[in-house]
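# Secondary and tertiary structure notes
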Amino acid sequence: MEKCMCGRIRQAREPADYIESMNWNPHDLGKLADDLKYNVPPGTRPLAMHQLGDGSDQIDRLFWGYKPEWYKRRPVSNARLDTILKKSPMWRALLGKRVLIPADGWFEWTGETGDKQPWFIHGKDGAPLFMAAITAWQPGKDNDVKHGFAIVTDASAGGMVDIHDRRPVVLTPEAAREWTSPDTDIELALELLSTARPESAFTWHPVTRQMGNVEYQAPNTDHPAAI
């Protein structure tokens, strides 16, 4: 279904920093327990911003990965935009349940197996990123892989292709607001995915090879490292 990309993200800011960048006003931050920050992989519960349920601004920890009961393969962490646009039955039912995954950036790897170099990709302006995602979760549902989320990805362009041929769809704060709004119909939501921030908005650098260990959790995961 989807070759893995955007397999790790960094969410090292405090939740308040993400919501302030979006003028987001959730009524409750106290329910957010601490979790992984510096090296966040699928199968965990990153921060997610949404307006599911009563239509108010919310922030929760949702399960990253999606595997409906009928799906025979391993959980899917990304949803290809071209597959979504072809009205894939895997994703069609989820397009009305749209969320944002705030992040400082994401990680990709280059090189051969056994000698891979990790890279950190982030906005040139240093501001938080808001990744478009779709989910099977809604308030009252179990927070598990059957009700998880997948980050929407599109083909890379420009120099980013040298790092990976796909990238997450990152929306501007304004488009991100529209993406989550229950007043945004599915056709408009799909149009918003074509307005993602361009590759020229990002920069990237190599980081410590210790990132190869999914359990590596240290503040230096975004620090430049020599190749």
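You'll find the structure just up there.
Computed from a prediction, not measured in an experiment: that's the story for all the values here.

### Observations regarding the overall build of the protein
The helix and strand inventory of the protein stands at 5 helices and 12 strands. For the protein, the C-alpha radius of gyration of 16 Å lies close to 17 Å, the compact-globule estimate for 227 residues. Structurally, the protein occupies a C-alpha span of about 50 × 40 × 30 Å along its principal axes. Looking at the protein as a whole, 53% of its 227 residues are labelled buried. Split by element, the accessible area of the protein, about 10,400 Å² in all, is 50% carbon and sulfur. Each charge class in the protein can be summarised by its mean position, and for the 27 positive and 31 negative side chains these summaries are 7 Å apart.

### Points about the sheet that holds strand 12 (residues 202-206)
Taken in spatial order, the 4 strands line up as 1-6-7-12 in an open sheet, and their pairing is antiparallel. Single-partner strands in this sheet number two, and they are strand 1 (8-10) and strand 12. Neighbouring strand axes in the sheet, compared pairwise and without regard to direction, differ in orientation by 30 degrees on average. Two elements, strand 7 (residues 117-123) and strand 12, share 5 bridges in a ladder whose sense is antiparallel. Paired with H122 across the two strands is T203, which belongs to strand 12.

### A short note on the side chain of R61
Along the polypeptide, R61 turns up in strand 3 (residues 58-61). Here R61 occupies a buried position and makes no salt bridge, while the nearest side chain of opposite charge, D35, is found at 4.6 Å. From its side chain, R61 meets the backbone oxygen of A33 in a polar contact 2.7 Å long. In this view, R61 contacts Q11, L32, A33, D34, D35, R45, P46, L47 and N143; residues no more than four positions away in its chain are not counted.

### A closer look at the environment of R92
Its place among the elements puts R92 in helix 3 (residues 89-92). By relative accessible area, R92 is classed as partly exposed at 47%.

### Digging into unusual backbone geometry
Of note, N23 is a non-glycine position whose phi angle comes to about 50 degrees, a positive value. Among the secondary structure elements, N23 is positioned in the loop between helix 1 (15-21) and strand 2 (47-50). Positive phi outside glycine occurs at K87, with the angle close to 60 degrees. Take K87: it is sitting in the loop between helix 2 (81-85) and helix 3.

### Considerations on the pairing of strand 9 (residues 149-155)
In regular strands, side chains alternate between the two faces of the sheet. Most of strand 9 is tucked away: 5 of the 7 residues are buried. As paired elements, strand 4 (residues 78-80) and strand 9 share 3 bridges and run parallel to each other. Bridge pairing in strand 9 places R80 opposite T153. Sheet topology note: the strand 8 (residues 129-135)/strand 9 ladder contains 3 bridges and is antiparallel. Following the sheet pairing, I134 is matched in strand 9 by A150. Bridge count between strand 9 and strand 10 (residues 166-168): 3 bridges; the pairing is antiparallel. Residue T153 lies in a different strand from strand 10, and its bridge partner there is P168.

### Examining the pattern of salt bridges
Tallied over the full model, the rule gives 10 salt bridges. Between R80 and D82 there is a salt bridge, with the nearest N and O atoms lying 2.9 Å from each other. Accessibility expressed as a relative area gives 25% for R80, which makes it partly exposed. Here D82 falls in the partly exposed class, since its relative accessible area comes to 30%.

What counts, and where the lines are drawn
Residues numbered from 1 in each chain as written. Predicted model: local features only at pLDDT ≥ 70, side-chain atom pairs only at ≥ 80, totals over all residues. Heavy atoms only, no water. Helix = DSSP H or I, 4+ residues; strand = E, 2+ residues; numbered from the N terminus. Rg over C-alpha atoms; globule rule 2.2 N^0.38 Å. Buried < 20%, exposed > 50% of the residue type's maximum accessible area, 1.4 Å probe, protein only. Areas by Shrake-Rupley, 256 points an atom, 1.4 Å probe, with all protein chains shown as cover. Lys, Arg positive; Asp, Glu negative; His and termini not counted. Charge placed at Lys NZ, Arg CZ, Asp CG, Glu CD. Pairing = 2+ DSSP bridges. Axes fitted to C-alpha atoms, helices over the stretch in contact; angles between N-to-C directions. Salt bridge = Lys/Arg side-chain N within 4 Å of Asp/Glu carboxyl O. Polar contact = N/O pair within 3.5 Å; in protein donor to acceptor, adjacent residues only side chain to side chain. Contact = heavy atoms within 4.5 Å.

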